[in-house]
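So you can see what is in the structure, the chains are spelled out below.
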Amino acid sequence: MSSNESLANLLKEERRFAPPEELAAAANVTAEAYEQAAADRLEFWAAQADRLTWSTKPTETLDWSNPPFAKWFADGKLNVTYNCVDRHVEAGHGDRVALHFEGEPGDARTITYAQLKDEVSRAANALTELGVTAGDRVAIYLPMIPEAVIAMLACARIGAPHSVVFGGFSADALATRIGDADARVVITADGGYRRGKPSALKPAVDEALTKPGTEGVRSVLVVRRTGQETAWAEGRDVWWHDLVPRQSDQHTPQAFDAEHPLFILYTSGTTGKPKGILHTTGGYLTQASYTHHAVFDLKPETDVFWCTADIGWVTGHSYIVYGPLSNGATQVLYEGTPDSPHQGRWWEIIQKYGVTILYTAPTAIRTYMKWGEDIPAKFDLSSLRLLGSVGEPINPEAWVWYRKHIGADRTPIVDTWWQTETGAMMISPLPGLTTTKPGSAQTPLPGIAATVIDDEGNEVPNGSGGYLVLTEPWPSMLRTIWGDDQRYLDTYWSRFENRYFAGDGAKKDEDGDIWLLGRVDDVMLVSGHNISTTEVESALVSHPKVAEAAVVGASDPTTGQAIAAFVILRGSATEDENLVEELRTHVAKQLGPIAKPKRILPVAELPKTRSGKIMRRLLRDVAENRQLGDVTTLTDSTVMDLIQSKLPAAPSED
Ligand code: WT7
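Quick caveat, the model's predicted, so the values are computed rather than measured. (Residues numbered from 1 in each chain as written. Predicted model: local features only at pLDDT ≥ 70, side-chain atom pairs only at ≥ 80, totals over all residues. Heavy atoms only, no water.)

## Details of the sheet that holds strand 21 (residues 450-453)
Reading across the sheet, the 4 strands line up as 21-22-24-25 and stay open at both edges, with antiparallel pairing between neighbours. Of all the strands in the sheet, the pair left with one neighbour each is strand 21 and strand 25 (514-519). Adjacent strand axes in the sheet meet at a mean angle of 45 degrees when their direction is disregarded. (Pairing = 2+ DSSP bridges. Helix = DSSP H or I, 4+ residues; strand = E, 2+ residues; numbered from the N terminus. Axes fitted to C-alpha atoms, helices over the stretch in contact; angles between N-to-C directions.)

Next up, the structure:
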């Protein structure tokens, strides 16, 4: 079987979903956008930059004279926070809710745009009092509380690039990031609530600041969230509630160059130290704002938008803070875990706030699938009109489940492909236009140039697979890796000339629609055939008893690599002796005999990074009976013990 046949097999059910008429009739973006962008890409982006309020309008669009170091709108000046907050108040929308904050313990806070302006102004004045000036870096290590959003906007307001570090990261990870960015101030909290309990954050900051490289930190600004006991370094530590509330709520935003740095966000490379992805202001905000408007079809007067990502990931930056707020959206911000205090918490929140647009990750959807559809069924989800997915390929089965059990078989789903590096969405359906195909991100957005190429760099024909590349610069692209231009060149621009290689494998189907196949490092080579882990996982999850699957290629004396699958069963399914055989046959039927897993191991959990990506590297270690590699980025390191305790499982023979 060739992989093309396997794709054809996946597609054979021909599930297609046309946009709902009502949505299509009032959609923010029509087919004209593609035409305009195709006619003149730069003109198209210049027009999107007009969505923003500039203090000096740019006359230049793209400066690509020194590729791959792009400058967008370089002679324009703007203040990002003014665009996300003040201008909505000036336009008479001060009373509109910006954030419906829902704390995990059930406490709630509503913040209007007028209140957000006051809070952000006070925080900007507070940072200034701490000596932060334009260009200084500020590390933010906070739970999902309004102060996280306020802190980011306060930094942007005074031109101090922020580096948000996910609150689940260890002291070591925090120290590396503080050191690499040479931060002056760290903004943190005593703790946050997770799984019904206060969970401390400040001790990790204290420990991080004992490590070499972090000496540049002068102040630690601490939000009191949980009220737990906290060690205190006099002269360095300052309570947010002592410093911020006494500041003036007046602060004049200063305009910065469009290429002024907005933030650094670290993404872990496969090896070596984390890469500080640098984003700047004008181009980034243009694309974050446009894509949020276009892909979510946001109607700021009536929609309630909820992106469930943590603020520590790029999704939180672009689709909680900068995209939605620049568009004047009303949002939900939730602090905690989906199963606290019960497994219906998300659906309860949707019911409570009348959420209309939900943006989440496939891993969350599959978790809810596993818990069973009777849980969302207990809540009124009728306010939802649009669903989004991001973070990894969404397998068709999860897509269909999401639409059926969350979207009442009525809402479109937008599967959005992008990366920390791309800053904003790149490939996605448009909800009022695209007839969607479960499992496919489909089409580059207007103004985006992406394609699939082979080893030699030639574009593959429809129906074939290869490497996903971006062929033209885009406004929200990373500008470099902080402090390491060479690594920027080597990592993204060296594999193919003049093209950005994203690291992902992809296929174009017969219509030219793009299907993401996961990281190219994850492709398996079985008896000379390339088989993508994503496809086998999708086939497994399409079996009614399987909720989640992770597939790896383990080295094998006869076939080169043999397919090993780890599966989580659905709530009601039990592990009987025939199950493994049943699943192997099922995959063979879906994809062909070559894709039949050699071993299948039912497990209770899968090893995931904190952003929900499966750590296949560890599963490969298990499948190859090796000592486990680095487990420090796992959400829960006991998962691997559980998995290993199930071994050795006798490999089934053909
Ligand atoms: C990688 C980027 C984008 C924000 C969150 C992750 C994978 C992301 C999709 C999608 C298939 C996807 C890719 C990509 N990915 N979205 N819709 N379909 N794969 O950001 O941590 O920088 O990860 O996530 O492999 O390269 P990130």
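So much for the structure itself; the text now carries on.
## Side note on the domain arrangement of the protein chain
Looking at the protein chain, the domain boundaries give domain 1 (3-506) and domain 2 (527-645). Placing the centre of domain 1 and that of domain 2 at their C-alpha centroids yields a distance of 30 Å. In this complex, domain 1 contributes 23 residues to the contact, which on the side of domain 2 involves 21 residues. Interface of domain 1 and domain 2: buried area, both sides summed, is about 1900 Å²; carbon and sulfur atoms make up 51% of it. Between the two partners, domain 1 and domain 2, sit 2 salt bridges. Between Arg 366 and Glu 548 there is a salt bridge whose closest N-O contact spans 3.5 Å. (Domains from an automatic or database assignment. Contact = heavy atoms within 4.5 Å. Buried area = accessible area lost by both parts, 1.4 Å probe. Salt bridge = Lys/Arg side-chain N within 4 Å of Asp/Glu carboxyl O.)

## Considerations on the site of the ligand
Taken together, 17 residues lie around the ligand, and Asp 415, Thr 416, Thr 420, Asp 504 and Arg 519 are the ones closest in. One of the side-chain N or O atoms of Asp 415 is found 2.7 Å from a nitrogen atom in the ligand. Contact between the ligand and Thr 416: a nitrogen atom at 2.8 Å from a main-chain N or O atom of the residue. If the ligand stood free it would expose 550 Å²; the protein chains cover 90% of that surface. Of all elements in the fold, only helix 12 (314-326) and strand 25 reach the threshold of two or more residues within the shell around the ligand. (Near = heavy atom within 4 Å. Polar contact = N/O pair within 3.5 Å; in protein donor to acceptor, adjacent residues only side chain to side chain. Areas by Shrake-Rupley, 256 points an atom, 1.4 Å probe, with all protein chains shown as cover.)

## What about the UniProt feature "modified residue: N6-acetyllysine" (unreviewed entry) in the protein chain?
The feature "modified residue: N6-acetyllysine" (unreviewed entry), as annotated in UniProt, sits at Lys 613 in this numbering. Within the secondary structure layout, Lys 613 lies in the loop between strand 30 (599-602) and helix 20 (616-623). Beyond its immediate sequence surroundings of up to four residues, Lys 613 is in contact with Gly 391, Pro 607 and Lys 608. Within polar-contact distance, the side chain of Lys 613 engages the backbone oxygen of Gly 391 at 2.9 Å. (UniProt positions renumbered as here; feature names shortened; annotations may be inferred.)

## Notes on helix 19 (residues 579-591)
End to end, helix 19 covers 18 Å across 13 residues, agreeing with the expected 18 Å (1.5 Å per residue, within 8%). The set of residues buried in helix 19 consists of Leu 579, Leu 583, Arg 584, His 586, Val 587, Ala 588, Gln 590 and Leu 591. Positive backbone phi, at 110 degrees, marks Gly 592, one or two positions downstream of helix 19. (Expected span 1.5 Å × (residues − 1). Buried < 20%, exposed > 50% of the residue type's maximum accessible area, 1.4 Å probe, protein only.)

## Description of helix 11 (residues 282-295)
Compared with the 20 Å implied by 1.5 Å per residue over 14 residues, the 20 Å span of helix 11 between its first and last C-alpha is a close match. One or two positions beyond helix 11, positive phi appears at Asp 297, with a value near 50 degrees.

## Let's talk about the UniProt feature "domain: AMP-binding enzyme C-terminal" (unreviewed entry) in the protein chain
Here the UniProt feature "domain: AMP-binding enzyme C-terminal" (unreviewed entry) sits at residues 535-613. Counting secondary structure, residues 535-613 comes out at 25% helix and 32% strand; the distance between its end C-alpha atoms is 16 Å.

## What to know about the sheet that holds strand 20 (residues 413-415)
Spatial strand order, 5-4-17-16-18-19-20: 7 strands in an open sheet with mixed pairing. Looking at the sheet topology across the chains shown, the edges are occupied by strand 5 (108-112) and strand 20. Recorded for the sheet is a direction-independent mean angle of 20 degrees between the axes of neighbouring strands. Where strand 18 (residues 357-360) meets strand 19 (residues 386-389), 4 bridges bridge the pair, whose relative direction is parallel. What sits directly across from Tyr 359, in strand 19, is Gly 388. Packing of helix 13 (residues 345-353) onto the sheet brings it into contact with strand 4 (97-102), strand 5, strand 16 (304-307), strand 17 (330-334) and strand 18, and relative to strand 4 it is tilted by some 145 degrees.

## Re the packing of aromatic side chains
The way to describe two aromatic rings as a pair is by their centre distance and the angle between their planes. Counted by the stated rule, this structure contains 34 aromatic pairs. The rings of Trp 64, Phe 69, Trp 474, Tyr 488, Tyr 492, Trp 493 and Tyr 500 are connected pair by pair, giving a single aromatic cluster. Against the face of Trp 239 rests Arg 224, its NZ or CZ located 5.5 Å from the ring centre. (Phe/Tyr/Trp six-rings, centres within 6.5 Å; stacked < 30°, edge-to-face > 60°. Lys NZ or Arg CZ within 6 Å of the ring centre and 35° of its normal.)

## Description of the environment of Ser 389
Residue placement: Ser 389 occurs in strand 19. Separated by 98 residues in sequence, Ser 389 and Arg 487 have C-alpha atoms that sit 30 Å apart. When neighbours within four sequence positions are excluded, Ser 389 is seen to be in contact with Tyr 359, Thr 360, Pro 362, Ile 394, Val 414, Asp 415 and Thr 416.

## Description of the environment of Glu 510
In this structure, Glu 510 sits in the loop between strand 24 (500-508) and strand 25. Through-space distance from the C-alpha of Glu 510 to that of Gly 463 is 4.9 Å; in sequence the pair is 47 residues apart. Among all residues touching Glu 510, those that are not within four sequence positions of it are Asn 462 and Gly 463.

## So, the pairing of strand 6 (residues 138-141)
The alternating pattern of strand 6 places Val 138 and Ile 140 and Ala 139 and Tyr 141 on opposite faces, both of which are buried. As paired elements, strand 6 and strand 7 (residues 162-164) share 3 bridges and run parallel to each other. When the sheet's bridge partners are listed, Ala 139 is paired in strand 7 with Ser 163. Note that the unit made of strand 6, helix 7 (residues 146-158) and strand 7 has a crossover that is right-handed. (Right-handed = clockwise from strand over helix to strand, strands pointing away.)

## Quick look at the pattern of salt bridges
The full count for this structure, using the stated rule, is 44 salt bridges. The partner of Lys 437 in a salt bridge is Asp 509, and the shortest N-O contact between them spans 2.7 Å. A residue pair is termed long-range when its members are at least 10 positions apart, and Lys 437 in the loop between strand 20 and strand 21 and Asp 509 in the loop between strand 24 and strand 25 qualify at 72 residues. Of the residues examined, Lys 437 reaches a relative accessible area of 3% and is grouped as buried. Here Asp 509 falls in the buried class, since its relative accessible area comes to 2%. A salt bridge links Asp 556 to Lys 598; the nearest nitrogen and oxygen atoms lie 2.8 Å apart. A residue pair is termed long-range when its members are at least 10 positions apart, and Asp 556 in strand 28 (residues 546-556) and Lys 598 in the loop between helix 19 and strand 30 qualify at 42 residues. Taking relative accessible area as the criterion, Asp 556 reaches 9% and is therefore assigned buried. Among the residues examined, Lys 598 registers a relative accessible area of 29% and is labelled partly exposed. Through salt bridges that share partners, Glu 102, Arg 345, Glu 348 and Lys 352 make up one connected network.

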